Amino acid sequence: MNAPFFKFGFFNDDVSLIVAFVIGIGFGFFLERAGFGSARKLCAQFYLTDMAVFKVMFTAIITAMVGLYYLSLAGFVDLSLVNVNPTFIVPQTIGGLILGVGFVVGGYCPGTSCVAASTGRIDGAVYLAGILVGVFAFGEAFPLLKGFYNSTSMGSITLPELLGVSYGLVVFLVVLMAVGGFAGATWVEKKFAGAKS
Amino acid sequence: MTAQSKAVSMNVIGVAEKTERTPHPYSNPYLAGLGLGLVLLAAFVVMGRGLGASGAFSSLVATGVQAVAPEHAKSNEYFAEYLGDGSQHPLKDWLVFEVLGVLVGGFVSGILAGRLRKTVEKGPNISVRGRLTYAFVGGIIMGVGAKLARGCTSGQALTGGAVLGVGSWAFMMMVFAGAYAAAYFVRRQWR
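Bear in mind the structure is a predicted one, so any value in this text is a computation, not a measurement.

## A few points about the overall build of chain B
Counting its secondary structure elements, chain B contains nine helices and zero strands. Secondary structure of chain B in N-to-C order comes out as α-α-α-α-α-α-α-α-α. Looking at chain B residue by residue over its 191 residues, the buried ones come to 55%. For chain B, the share of sequence-separated contacts (at least 6 apart) that also reach a separation of at least 24 residues comes to 55%.

Shown next, in the form of structure tokens:
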């Protein structure tokens, strides 16, 4: 086992920033390729006329998930050294709801608004400014929100740990669900694309 | 590039930009998703962490607050966390550099595809001012939601989803729920 490379000390913090920049370029590139620099393309997801958001997101999730799983089975990656976001179930649920509303009201999410702004979309740049205001407001209100923010902590728990089943089984079920979702999404697109506006 | 698509595009963008290339169609979503997934996998293998976006905004805001009101920033627990102990500049941060990369990567892809265009994404029945108001308000809501959830679509849904985090999956479902619930009320932006 010698990956994740950074965790094994193969390079230092300064080099990790170069890695960050390069990985970011790849991230931004494929977001733009997918059409996610356009709020119209992104939001069509929520009017069922173009399900690209779901398709791209779940293809990316299963690609990385399956790749990581097999690399760990092969003994190449130590899965325990890959960061899992800690779960704070109630604030994350409420935060997700708020974020979803912000997505459809403004047309972007933070990463896609960067791509929109850098390809000339003025609404993307304005959205970025909005995020900064929102983050500032959250920071200022943090003393009031702190209790809720830190509530219902469950640690860095994963679905297989929660369900008491093997990691591989959850990977398999997620792939199955995604493939079913892709078929459903294509069906929905055909049904609603003709009926738009 | 077919003659027909060129003609259509020139009608849309006007004579002034006729030297500009016709925008290429977007990639197949599964192909773009595969590319995105491989970038995410590379981040896991090389760094042991995934992608993100909203964290960079926290660093930026904390830095701004520190520049204007240093004492206030230090006394605020949330900003103080992003400012660190002062041993290094708060913008010398992994997510800040990653987001700079996102800006560059999007720009490069946009140029290659002929999609670089100063414009506002909106439907025909809303003014530019109206659409920008929605964008600004949506950004504010997004900023609050992403901070409350400890991440956004990149850091929670995509990254946390791929490593099967419980909170990340709950978050992802709620993002779609929130967006579908609100979609009807803001539809005039696009129709």
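## Some points on the overall build of chain A
Across its full length, chain A carries nine helices and two strands. Along its sequence from the N terminus, chain A presents helices and strands in the succession α-α-α-β-α-α-α-α-β-α-α. Per-residue burial for chain A yields a buried fraction of 48% across its 197 residues. Restricting the contact set of chain A to residue pairs at least 6 apart, pairs at least 24 apart contribute 66%.

## Quick word on the interface of chain B and chain A
Across the boundary between the two partners, chain B contributes 107 residues, which contact 106 residues of chain A. Contributing elements (two or more residues each) for the side of chain B that touches chain A: α2 (29-47), α3 (54-68), α5 (77-83), α6 (94-112), α7 (128-148), α8 (153-162) and α9 (166-183) of chain B. Among the elements that take part in the side of chain B that touches chain A, α2 of chain B stands out by supplying 18 residues, more than any other. Split by residue class, the side of chain B that touches chain A holds 66 nonpolar, 28 polar and 13 charged.

## Structural notes on the environment of Val-65 of chain B
As for its position among the elements, Val-65 of chain B is in helix α3. Judged by local crowding, Val-65 of chain B falls into the buried class, with 21 C-beta atoms found within 10 Å.

## As for helix α4 (residues 89-106) of chain A
Residues and elements named next belong to chain A. The end-to-end C-alpha separation of α4 is 25 Å, in line with the 26 Å expected for 18 residues at 1.5 Å each. Taking burial as the measure, the 18 residues of α4 include 14 buried ones, the bulk of the element. Looking at the residues trailing α4, positive phi occurs at Gly-107, about 95°.

## Some remarks on the packing of helix α3 (residues 52-73) of chain A against α8 of chain B
Remark: α3 of chain A packs on α8 of chain B, axes separated minimally by 7 Å, with the N-to-C direction vectors making an angle of 35°. Of the residues in α8 of chain B, those touching α3 of chain A at Met-57, Ala-60, Ile-61, Ala-64, Met-65 and Leu-68 of chain A are Ala-157, Leu-158, Gly-161 and Ala-162 of chain B.

## Observations regarding the nonpolar core
Residues Ile-61, Ala-64, Met-65, Leu-68 and Val-104 of chain A together with Leu-40 of chain B are the most contacted members of the largest nonpolar core, which totals 115 residues. Broken down by element, this core gets its largest block of residues, twelve residues, from α3 of chain A. With residues near it in sequence (within four places) discarded, Ala-64 of chain A still touches Gly-37, Leu-40, Leu-41, Phe-44 and Ala-162 of chain B.

What counts, and where the lines are drawn
Residues numbered from 1 in each chain as written. Chains lettered and ligands numbered in written order. Predicted model: local features only at pLDDT ≥ 70, side-chain atom pairs only at ≥ 80, totals over all residues. Helix = DSSP H or I, 4+ residues; strand = E, 2+ residues; numbered from the N terminus. Buried ≥ 20, exposed ≤ 12 C-beta atoms within 10 Å, placed from the backbone. Contact = placed C-beta atoms within 7 Å. Nonpolar A, V, L, I, M, F, W, Y, C, P; charged D, E, K, R; others polar. Expected span 1.5 Å × (residues − 1). Axes fitted to C-alpha atoms, helices over the stretch in contact; angles between N-to-C directions. Core = buried A, V, L, I, M, F, W, Y, C linked by C-beta atoms within 7 Å.

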